[in-house]
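Structural overview
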Amino acid sequence: MKRDRGTLCSCGVVVAAALYVVLCSTISVVSGNNCNVYEGEWVYDDETYPLFNSTRCPFIRKEFDCSKYGRSDHHYLHYRWQPNGCDLPRISVAYFSSHYLVDIEMEEFGRVLKLGSLKSGEIWKRFDVLVFNTWLWWHRRGIKQPWDYIEDEGIIVEDMDRTIAFTKALMRWAKWVESDVDPYKTKVFFRGVSPAHYRGEEWNEPGVRNCSKETRPMTGSSYPSGEPLAAKIVKDILSSNTTSVHLLDITTLSQLRKDGHPGTHNGYKGMDCTHWCVAGVPDTWNHLLYTQLLQQDQNGDAPDPYNYFTSDYL
Ligand SMILES: *[C@@H]1O[C@H](CO)[C@@H](O)[C@H](O)[C@H]1NC(C)=O
Ligand SMILES: *[C@@H]1O[C@H](CO)[C@@H](O)[C@H](O)[C@H]1NC(C)=O
Ligand SMILES: *[C@@H]1O[C@H](CO)[C@@H](O)[C@H](O)[C@H]1NC(C)=O
């Protein structure tokens, strides 16, 4: 398990199909091939973390820029994810504008979220690496809900159980991956559900209702409340409906990071225990993505980060 420190460092923006990706990266080489990188624990690492200074990255959006908005504790910046059997390579922060996987289309009577329609797929499948995720937006209501109706199997409804809608959209997406994406050309990843921290009982602090006082991760490798339902749905659908999608299984390791959210340190008013500070936990998600890319790449060559296409992280 050797660790080669990387030298490549870049901060760049890619615009693709109205989504954007930001990369501020430092790369080094992975070792230890047959290792479950999603099992491990957070270790304090004062030497190598944080991987970059967020004040020097001009692309960080208001939701994520904790240090700009006054988060003064620095402990959370120094945790490194340590898998049980290997080390991770070092790479990038990537974050993206937000999205349902299926289409929202304008009709005469309003905006319709179409659970069976996936037109954006035509653009996506041209890329070499696709990284998808969706979940949080499924529960948005009021002004944050970007559609007026849902179309489900040809029928227009005003609303429906959001977990069911999410499940149907994900199955539609899985069908698209299997029928339309060439697994020899395009590598497909699905980033698992990103957890929030508003319910202290989940981490053995009953009565706590937000993350404002959290400055340390959980120790160990398991989270007291287990995974959320959506994470189980994702696993079921990916394992039974797809053959070549790799799940970036970040749910549990992110649950351990109750200290990683902005709290009140964001560019909006209010408490945010849903998004993550950058630098922070999303850096580790990217290490894991890069680890998988290296492990799958037969030549062992580092892929070109600017060919990535990612859907939302929000
Ligand atoms: C980050 O960069 C800013 C501006 O260059 C500097 O003032 C600050 O001390 C740096 N922070 C760290 C932790 O290096
Ligand atoms: C956050 O939690 C603390 C204590 O757990 C509480 O005093 C505070 O009112 C909460 N803030 C918000 C905005 O919910
Ligand atoms: C897709 O996944 C769901 C949930 O796990 C399962 O019920 C269904 O049978 C699967 N469909 C196919 C075509 O494999």
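Residues numbered from 1 in each chain as written. Chains lettered and ligands numbered in written order. Predicted model: local features only at pLDDT ≥ 70, side-chain atom pairs only at ≥ 80, totals over all residues.

A separate point is the site of ligand 3. Close to ligand 3 lie Met 171, Asp 236, Ile 237, Ser 240 and Asn 241, which account for all nearby residues. Here the element with the most residues in the shell around ligand 3 is helix 3 (residues 229-241); it accounts for 4 residues. (Near = placed C-beta within 6 Å. Helix = DSSP H or I, 4+ residues; strand = E, 2+ residues; numbered from the N terminus.)

Our next topic: the confidence of the model for the protein. Looking at the protein, pLDDT values average 80 and 80% of them are 70 or higher. Of all helices and strands in the protein, the one with the weakest mean pLDDT is strand 1 (residues 9-16) (30), whereas helix 4 (residues 251-255) scores best (97). Predicted confidence for residues 93-98 stays below pLDDT 50, and this span has 31 contacts to residues more than four positions away or in other chains. Long-range and interchain partners of residues 298-314, a stretch whose pLDDT sits below 50, account for 45 contacts in this model, where long-range means more than four residues apart. (pLDDT = per-residue confidence, 0-100. Contact = placed C-beta atoms within 7 Å.)

Let's shift gears to the sheet that holds strand 9 (residues 155-157). Sheet architecture is open: 4 strands sit in the order 5-6-8-9, paired in mixed fashion. What marks the edges here is a single partner per strand, and that holds for strand 5 (103-107) and strand 9. The mean angle between the axes of side-by-side strands here comes to 30 degrees, regardless of whether they run parallel or antiparallel. Pairing geometry for strand 5 and strand 6 (residues 110-114), over 5 bridges, is antiparallel. Pairing of Asp 103 across the sheet is with Lys 114, part of strand 6. (Pairing = 2+ DSSP bridges. Axes fitted to C-alpha atoms, helices over the stretch in contact; angles between N-to-C directions.)

Turning our attention to the nonpolar core. One finds Ala 169, Phe 189 and Leu 289 to be the most contacted residues of the largest nonpolar core, which totals 54 residues. For this core, the secondary structure elements donating two or more residues are strand 4 (79-83), strand 7 (129-132), helix 2 (162-180), strand 10 (187-191), helix 3, strand 11 (245-248) and helix 5 (281-296). With 7 residues, the top contributor of residues to this core is helix 5. Residues contacting Ala 169, with those up to four places away along its chain left out, are Tyr 100, Leu 101, Val 102 and Leu 115. (Core = buried A, V, L, I, M, F, W, Y, C linked by C-beta atoms within 7 Å. Buried ≥ 20, exposed ≤ 12 C-beta atoms within 10 Å, placed from the backbone.)

Mapped onto the fold, Tyr 290 is located in helix 5. A count of 23 C-beta atoms within 10 Å places Tyr 290 in the buried class. Residues Tyr 290 and Ser 92, 198 residues apart in the sequence, show an inter-C-alpha distance of 8.7 Å.

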